[in-house]
Amino acid sequence: MPHLTSVSPIFKFAAAAALAAALFGCASEPPRNQPRASAAVKPNPPSQSAHIRPDLRPFACVGGYRAGAVSGDYAGYPALTQFIEQMVQKHGFDREYLNGLFSQAKRKQWTLDYLAKSDQGLKGKPSKGGWTRYRSQFLDARHIDGGVAFWRTHQAALQRASQQYGVPAEYILGIMAVETTFGGFVGNHRVIDALTTLGFDYQRRGEFFRSELESFLLMARSEGIDPGKPVGSFAGAMGLGQFMPSSFLQWAVDFNGDGRRDLWNPEDAIGSVANYFAQHGWRNGQPVVSRTRGSYSGIDSLEPGIDHEYPLGTLAQAGIEPAGHCGCDYPLRLVLLRHQSNDEYLLGHPNFYVITRYNHSTHYAMAVHELAQAIKSGYQRLAGSPANLGEN
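First things first, this report covers the structure right here in the doc.

Thresholds, definitions, all that
- Along each chain, residue indices are assigned from 1 in the same order as the chain's sequence is written.
- Restriction of local features to residues with pLDDT of at least 70 applies here, the model being predicted, together with a cutoff of 80 or more for giving and counting side-chain atom pairs; totals for whole chains, interfaces and linings are based on all residues.
- The side-chain quantities take in all heavy atoms of the structure and omit both hydrogens and water.
- Secondary structure elements are defined from DSSP: runs of H or I of at least 4 residues count as helices, runs of E of at least 2 residues count as strands, and each element is numbered from the N terminus.
- Buried, partly exposed and exposed residues are distinguished by accessible area as a fraction of the type maximum, computed with a 1.4 Å probe on protein chains only: under 20%, between the cut-offs, and over 50%, respectively.
- A pair of cysteine sulfur atoms is labelled a disulfide when the two atoms are within 2.5 Å.
- Strands qualify as paired when DSSP identifies two bridges or more between them.
- Here the axes come from fitting lines to C-alpha atoms, over the contacting stretch only for helices, and the angles between their N-to-C directions go from 0 to 180 degrees.
- Oblique is the label for any angle not under 35 degrees, not over 145, and not in the 65 to 115 range, which are roughly parallel, roughly antiparallel and roughly perpendicular in turn.
- The contact criterion used throughout is that any non-hydrogen atoms of two residues lie within 4.5 Å.
- Ten residue types, Ala, Val, Leu, Ile, Met, Phe, Trp, Tyr, Cys and Pro, are classed as nonpolar, four, Asp, Glu, Lys and Arg, as charged, and the remainder, Gly among them, as polar.
- Whenever a carboxyl oxygen of Asp or Glu lies within 4 Å of a side-chain nitrogen of Lys or Arg, that contact is scored as a salt bridge.
- Taking the helix axis as origin, the arc is that swept by the directions to the C-beta atoms.
- By convention, a stacked pair of Phe, Tyr or Trp rings (six-membered ring in the case of Trp) has centres within 6.5 Å and planes under 30 degrees apart, an edge-to-face pair has planes over 60 apart, and any other such pair is tilted.
- The rule for a charge over a ring is simple: NZ of Lys or CZ of Arg within 6 Å of the ring centre, and within 35 degrees of the ring normal.
- What is meant by a nonpolar core is a set of buried Ala, Val, Leu, Ile, Met, Phe, Trp, Tyr and Cys residues, joined one to another through side-chain atoms within 4.5 Å.

## Looking at unusual backbone geometry
- At Thr181, a position not held by glycine, the phi torsion is positive, near 50°.
- Even without being a glycine, Gln242 presents a positive backbone phi close to 55°.
- Structurally, the position occupied by Gln242 is in the loop between strand S2 (231-232) and helix H11 (245-251).
- Judged by its relative accessible area of 12%, Gln242 falls in the buried class.

What follows is the structure in structure tokens.
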């Protein structure tokens, strides 16, 4: 296209808007004889918030939604009207299509009540026995045996993901175990309901969830999905690995090569979790946590958790050192685990921090780590059994 240098600004804006509508707009029918571009994404550097790039592929918006104005639970919401206008101007969506879609959205009062209670306890310190109680939810036969069975079923995809992304299979499985028990429960909330509720009725993080709603609509359009159909968690997380829509746009991959990123498909979920870890800095062959020893005389001078890291020299001055050979020349995080009868301190390596990029919780990362090790042990025992050697 020739560069518009001598045209008036008003004409430039009108031309740009027309071009955006032609490129992005939700057609009433999918383009015919149009080869679908590969849905696999190139690696992007990790970031705290996804940078949403325009989707230039002329895919149809699926679902047949259409209305002159929003009705239903979200009728008369000025913030939603503004959001729809933003989607029209920024991404070329059809206004009547979005009016029809949001007329179907349901306000989830249960979600709002649940989060109101959860927010009250956000500032609390770990309680005695907190790790014991949290661990017991995941370190059980259901999760471990389920992981072994899933590994055996999807061995080829896990091996390929490990080789391609440098992430051990057991940690991919550790994520899926904690998130959905390998797809056993991916959530039963419509994503459009969850994100609309949280985007426009949850003040504390409304801006974040409106951004996720924007990403969800872009995801649905680019993948040819009816945005009224996907179900996930009460917060809008999707698939076996529970990706939020912004994470989908950045890190989901088409790992089975069918031209579509589908996080409810085990192979795509495996590749996407591995890619997420790789792009957040997973160091292949390095540990996740180390046990500690020492006098712990200066332990009160250090702050445990993922927000603080300490060189080995600083830890030594506080009476803490790795129980075994560390071989690490990088700062470590102090991990506090409160058992029922005692407190335990571990050292978190960079790979531990990578796991917390999935969920910013030391308990979460430790559950993933311990499940990964338990599933690996179970898989190796089964693979080493004489009756099963021929199958692995």
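## Some thoughts on the state of the cysteines
- For the structure shown, the criterion picks out 1 disulfide.
- The side chain of Cys326 participates in a disulfide bridge whose partner is Cys328; the two sulfur atoms lie 1.8 Å from each other. Looking down the S-S bond of the Cys326 and Cys328 bridge, the torsion is 95°, so its handedness is right-handed.
- Using a relative accessible area of 19% as the deciding quantity, one classes Cys326 as buried.
- Owing to a relative accessible area of 9%, Cys328 belongs among the buried residues under this scheme.

## Some details on the pairing of strand S5 (residues 333-338)
- Burial of S5 is extensive: 5 of the 6 residues sit out of reach of the surface.
- In terms of strand pairing, S5 meets strand S6 (residues 343-348) through 6 bridges, oriented antiparallel. Across the sheet, the residue bridging to Leu334 is Leu347, located in S6.
- Connecting S5 to the next strand, S6, in antiparallel fashion are 4 residues.

## Quick notes on the packing of helix H8 (residues 169-180) against helix H12 (residues 266-279)
- The geometry of H8 relative to H12 is characterised by a closest axis approach of 10 Å and an angle of 110° between their N-to-C directions. Here H12 runs roughly perpendicular to H8, going by the angle between their axes. Contacts from Tyr171, Ile172, Ile175 and Met176 in H8 reach Pro266, Ala269, Ile270, Val273, Ala274 and Phe277 in H12.
- Considered class by class, the residues forming the contact of H8 with H12 number 10 nonpolar, no polar and no charged.

## Focus on the pattern of salt bridges
- Counting across every chain of the model gives 14 salt bridges.
- One salt bridge in this structure joins Arg190 and Asp193, with 2.9 Å as the shortest N-O distance.
- The partner of Glu223 in a salt bridge is Arg261, and the shortest N-O contact between them spans 3.2 Å. Residue Glu223 is found in helix H10 (residues 206-223), and its partner Arg261 is found in the loop between H11 and H12; the two are separated by 38 residues along the sequence.
- On the accessibility criterion, Glu223 (0% relative accessible area) is buried.
- Assessed through its relative accessible area of 6%, Arg261 is described here as buried.
- Residues joined in a network through salt bridges with shared partners are Arg66, Asp94 and Glu96.

## Looking at helix H7 (residues 155-165)
- Of the residues making up H7, those classed as buried are Ala157, Leu158, Ala161, Ser162 and Tyr165. Down the axis, H7 shows its buried residues gathered within 135° of arc, on one side only. Exposed and facing more than 90 degrees away from the buried side of H7 are Ala156 and Gln163.
- Tucked inside the fold, the buried residues of H7 contact helix H6 (141-153), H8 and H12.
- Looking at the residues trailing H7, positive phi occurs at Gly166, about 70°.

## Topic: the packing of aromatic side chains
- Inspection of every chain in the model, using the stated rule, returns 22 aromatic pairs.
- Judged by centre distance (5.3 Å) and plane angle (55°), the ring pair of Tyr134 and Phe138 falls under tilted. Comparing Tyr134 with Phe138, the two get one shared label, buried.
- By the ring-pair criterion, three or more aromatic residues cluster together here, those being Tyr171, Phe243, Trp251, Tyr276, Phe277, Trp282 and Tyr358.
- The side chain of Arg333 reaches across the aromatic face of Tyr353, ending 3.9 Å from its centre.
- Here Arg357 stacks its cationic end above the ring of Tyr353, 4.0 Å away from the centre of that ring.

## Quick notes on the nonpolar core
- Grouped together as the largest cluster of nonpolar side chains are 90 residues, with contacts concentrated most on Leu98, Phe102, Ile172, Met176, Leu217, Phe277 and Ile355.
- By residue number, the principal contributor to this core is helix H15 (residues 362-384), which donates 9 residues.
- With near-sequence residues (within four places) excluded, Met176 lies in contact with Phe150, Thr181, Phe182, Leu240, Pro266, Ala269, Ile270 and Val273.
- Core analysis: the second largest hydrophobic core is formed by 14 residues, Leu315, Ile320, Cys326 and Leu347 among them.

## A short note on the sheet that holds S5
- Strands sit in the order S4-S3-S6-S5 across an open sheet of 4 strands; the sheet is antiparallel. Each having just a single partner strand, strand S4 (321-322) and S5 make up the two edges of the open sheet.
- Together, strand S3 (289-293), S5 and S6 form the strand contacts of H15, whose direction differs from that of S5 by roughly 85°.

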